[in-house]
Protein chains: 2
Amino acid sequence: MAAHSTTPAPRQDNRRQQLLDTAARLFRQHGYHATSMRDIASAVGMLPGSIYYHFASKDELLVTVYREGVSRIAERLDAAVAGKKEPWQQLEAACIAHLQTVLDHSDYAQVVIRVLPDDAPAVRVRLAALRDQYEERFKDLVAALDLPAYVDRHYLRLLLLGALNWSQVWYRRGGDSPRTIAKRFLQVLHGIQAQQR
Amino acid sequence: MAAHSTTPAPRQDNRRQQLLDTAARLFRQHGYHATSMRDIASAVGMLPGSIYYHFASKDELLVTVYREGVSRIAERLDAAVAGKKEPWQQLEAACIAHLQTVLDHSDYAQVVIRVLPDDAPAVRVRLAALRDQYEERFKDLVAALDLPAYVDRHYLRLLLLGALNWSQVWYRRGGDSPRTIAKRFLQVLHGIQAQQR
DNA sequence: TGTTAAAACAAACAGTCGTTTGTTTTCTAT
DNA sequence: ATAGAAAACAAACGACTGTTTGTTTTAACA
């Protein structure tokens, strides 16, 4: 028996947050399909049915994780970019922030990259919209670059963002840091371009 | 054939091929987890249990599809590269072949990109080995390039291959062709040489 | 033709899935 | 102290999962 607890206990929805954190971690570790509601429940120490008090469905849980993921990575990116003036430096800061968040810092953000909208057909459109909302930022960053006429900005963005996102497939902790990886990528890009200036 | 041989019936197993084709199509359309043995069975018109005469397990079915996928994409790439002499042109031919195969031509090859080794933990190592076996080719292609010293060949490869593979996420039929996409990517990278032609 | 192996069927196994329902506990506010 | 909401439990629902088993059909060879 515990002593009589005098803590007022704010009765805030704190297990909801715990639930989200755990779902984000499991979704990024094993993917959406390979993570069951029972996995999540037992990881937070509650029964599977209890999750449905906090979230209407597994899909809704994913959407919430996704939204939080986009919010977090966007926040980090905006902060990083705000510190730079020169367009290439802004892009580099963005790439570093993106990779750090997506490879290391945030389970939420990792889910946004790892779990594709098609994995949850019923909420596909909402997930895709959240993704797009984030990727918009790269359009602006690329638009600000001073580039030779023959460089297609559309494909420069797809090239860079594709390489960054795919790095989740081969990245292993202990090798080059996300910052280093981002810098190398931009060196390859900017280096080849810059040699003719 | 088997004229006067006493060996038992050849009985070529043609439904095995049909089974593989169907599995490849469904795996690339919906992913590995979202495709059930019953889906595959009903698509070829047999009962779920009958698949197990041809394949020991769902995982083994995936491995076979994967192996075939690597074989097909490697074949196309080698043929494409063989027709070119200049290193950058070889790389371009390789990227075009890669994208065409992975976006359009082969369900098998698409599975190799779409289904990650982690999706089937029991055969993860074998799937990863098959992938690596293919990606080796890009190491050679990048090694042959004449590049400024500050360009890291390792990251050039990862940049390019990542962008190519990720294109599966955003590619839609009706837009730019795989050939065009590959060319635009390389133009971004190698703008100067591309300009000279 | 009869024999034999290949290849399919038919039916179930044991388990997991997301989810729902009814009840009980836990805490806050009165 | 007690009412009432919040948040959990306990147990099951029906559907679906990969797979196994025993039996039957199909087709090539003697």
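Small disclaimer: the values here were computed from a predicted structure and weren't measured.

Undergrad: What should I look at first to understand the overall build of chain A in this one?
TA: Scanning chain A from terminus to terminus reveals 9 helices and 0 strands. Order of helices (α) and strands (β) in chain A, N terminus to C terminus: α-α-α-α-α-α-α-α-α. In terms of overall dimensions, chain A has a C-alpha envelope of 75 × 40 × 30 Å along the principal axes. Taking the contacts inside chain A whose residues are at least 6 apart along the sequence as the reference set, 70% of them involve residues at least 24 apart. As displayed, chain A has an accessible area near 9900 Å², and 48% of this comes from carbon and sulfur atoms. With 26 positive and 21 negative side-chain charges, chain A shows a separation of 4 Å between the mean positions of the two kinds.

Undergrad: Is there a simple way to explain the packing of helix H4 (residues 58–82) of chain B against helix H7 (residues 124–143) of chain B in this structure?
TA: Packed helix pairs are characterised by how far apart their axes lie and by the angle those axes make with each other. Residues and elements named next belong to chain B. Closest axis-to-axis distance for the H4/H7 pair is 9 Å, and the angle between their directions is 10°. Looking at the two axes, H4 sits roughly parallel to H7. On H7, the residues touching Glu60, Leu62, Val63, Tyr66, Arg67, Val70, Ile73, Ala74, Leu77, Asp78 and Val81 of H4 are Arg126, Leu127, Leu130, Arg131, Gln133, Tyr134, Arg137, Phe138 and Leu141. Residue classes in the contact of H4 with H7 are distributed as 13 nonpolar, 1 polar and 6 charged.

Undergrad: It is not clear to me how the packing of aromatic side chains should be interpreted in this structure. Could you clarify?
TA: One pair of aromatic rings is described through two measures. These are the centre distance and the angle between the planes. Applying the stated criterion across every chain, the model contains 6 aromatic pairs over all chains. For the ring pair Tyr155 of chain A and Phe185 of chain B, a centre distance of 5.8 Å and an interplane angle of 85° mean the geometry is edge-to-face. One end of the pair, Tyr155 of chain A, is in helix H8 (residues 153–170); the other, Phe185 of chain B, is in helix H9 (residues 178–189), on a second chain. Side by side, Tyr155 of chain A and Phe185 of chain B carry an identical accessibility label, which is buried. Over the aromatic face of Tyr32 of chain A sits the side chain of Lys58 of chain A, whose NZ or CZ is 4.4 Å from the ring centroid.

Undergrad: Sorry if this is basic, but what is going on with the relation of the copies chain B and chain A here?
TA: What connects the two chain copies is a rotation about an axis and a shift along it. By a simple turn and slide, chain B fits onto chain A: the slide is 0.0 Å along the axis, the RMSD is 0.1 Å, and the turn is 180°. On the angle and the small slide along the axis, the relation comes out as a two-fold axis. The C-alpha atom lying nearest the rotation axis in chain B is that of Ala163 of chain B; the distance is 2.3 Å. The residues that chain B uses at the interface reappear at the interface of chain A in 94% of cases, marking a shared surface.

Undergrad: Looking at this structure, how should I read the environment of Leu127 of chain A?
TA: With respect to the helices, strands and loops of the structure, Leu127 of chain A is situated in helix H7 (residues 124–143). Under the relative-accessibility criterion, Leu127 of chain A is labelled buried at 0%.

Undergrad: Looking at this structure, I do not really get the interface of chain B and chain A. What am I missing?
TA: When the parts of a complex come together, some accessible area is lost, and that lost area is often used as the size of the interface. Chain B puts 32 residues into the contact, and the matching count from chain A is 32 residues. Taking both partners together, chain B and chain A bury about 3200 Å²; carbon and sulfur atoms supply 72% of that area. Considering only the side of chain B, the residues that lose the most area to chain A are Tyr155, Trp166 and Val188 of chain B, jointly responsible for 25% of the buried surface there. The tally of links between chain B and chain A comes to 2 salt bridges. In this structure, the salt-bridge partner of Arg184 of chain A is Asp152 of chain B, at a minimum N-O distance of 3.7 Å. Our count for the contact surface shared by chain B and chain A stands at 2 residue pairs in polar contact (both at pLDDT 80 or more).

Undergrad: Looking at this model, I keep getting lost on the pattern of salt bridges. Mind explaining?
TA: It is possible for side chains bearing opposite charge to pair when their charged atoms get close. According to the stated counting rule, one finds 16 salt bridges over all chains in the structure shown. Measuring nitrogen to oxygen at the nearest pair gives 2.7 Å for the salt bridge that ties Arg72 of chain A to Glu68 of chain A. Residue Arg72 of chain A and its partner Glu68 of chain A are both found in helix H4 (residues 58–82); the two are separated by 4 residues, about one turn of the helix. Glu68 of chain A gets classed as partly exposed once you look at its relative accessible area, which sits at 29%. Asp104 of chain B is paired through a salt bridge with Arg173 of chain B; the nearest N and O atoms lie 2.9 Å apart. With Asp104 of chain B in helix H5 (residues 87–105) and Arg173 of chain B in the loop between helix H8 (153–170) and H9, this residue pair connects regions lying 69 residues apart in the sequence. We classify Arg173 of chain B as exposed; its relative accessible area is 60%.

Undergrad: I would appreciate a short explanation of the environment of Arg172 of chain B in the present structure.
TA: Residue and element names in this part refer to chain B. As for its position among the elements, Arg172 is in the loop between H8 and H9. Its relative accessible area of 56% is what places Arg172 among the exposed residues. Counting along the chain gives 69 residues from Arg172 to Leu103, while the straight-line C-alpha distance between them is 8.9 Å.

Undergrad: Would you take a moment to explain the side chain of Asp119 of chain B for this structure?
TA: With respect to the helices, strands and loops of the structure, Asp119 of chain B is situated in the loop between helix H6 (107–114) and H7. In this structure, Asp119 of chain B is buried with no salt-bridge partner, the nearest side chain bearing the opposite charge being Arg114 of chain A at 4.3 Å. If sequence neighbours within four positions are ignored, Asp119 of chain B has contacts with Arg114 of chain A together with Tyr32 and His33 of chain B.

Here is what the cut-offs are and how they apply
Counting from 1, residues in each chain are numbered in the order their sequence is written. Chain letters start at A and ligand numbers start at 1, both assigned in the order the entries are written. Reporting in this predicted model follows two pLDDT cut-offs: at least 70 for local features of residues, and 80 or more for side-chain atom pairs to be given and counted; totals over whole chains, interfaces and linings ignore these cut-offs and use all residues. Computation of side-chain values: all heavy atoms of the structure, hydrogens and water removed. Counting from the N terminus, the helices are the DSSP runs of H or I reaching at least four residues and the strands are the DSSP runs of E reaching at least two. Only heavy atoms matter for contacts: two residues are in contact if any of them lie within 4.5 Å across the pair. A 1.4 Å probe and the Shrake-Rupley method give the accessible areas. Residues count as covered only by the protein chains that appear here. Residues scored as positive are Lys and Arg, those scored as negative are Asp and Glu, and His as well as the terminal groups of each chain are ignored. A charge is said to be at NZ when it belongs to Lys, at CZ for Arg, at CG for Asp and at CD for Glu. Note on geometry: axes are C-alpha line fits, over the in-contact stretch for helices, and angles between N-to-C directions span 0 to 180 degrees. Any angle that is under 35 degrees is reported as roughly parallel, and any over 145 degrees as roughly antiparallel; angles of 65 to 115 degrees are reported as roughly perpendicular and all others as oblique. Note on residue categories: nonpolar means Ala, Val, Leu, Ile, Met, Phe, Trp, Tyr, Cys or Pro, charged means Asp, Glu, Lys or Arg, and polar means any other residue, Gly included. Pairs were defined over the aromatic rings of Phe, Tyr and Trp, the Trp ring being its six-membered one, requiring ring centres within 6.5 Å. Orientation was assigned from the angle between planes: stacked under 30 degrees, edge-to-face over 60, tilted for the rest. We call a residue buried when its accessible area falls under 20% of the maximum for its residue type, exposed when it is over 50%, and partly exposed in between, using a 1.4 Å probe and counting protein chains only. Note on criteria: charge over ring means Lys NZ or Arg CZ within 6 Å of the ring centre, with the direction from the centre no more than 35 degrees off the ring normal. Only residues with pLDDT of at least 70 in both copies count here: their C-alpha atoms drive the least-squares fit that superposes the copies. Defined in terms of a 1.4 Å probe, buried area is the accessible area two parts forfeit on being brought together, summed over both. Each salt bridge in this description consists of a side-chain nitrogen of Lys or Arg and a carboxyl oxygen of Asp or Glu lying within 4 Å of one another. Each polar contact in these results corresponds to two N or O atoms within 3.5 Å; when the atoms are within protein, one needs to be able to donate a hydrogen and the other to accept it, and residues that are neighboring in sequence are counted only if both atoms are side-chain atoms.

Everything listed here is a matter of geometry and, on its own, says nothing about what the molecule does.
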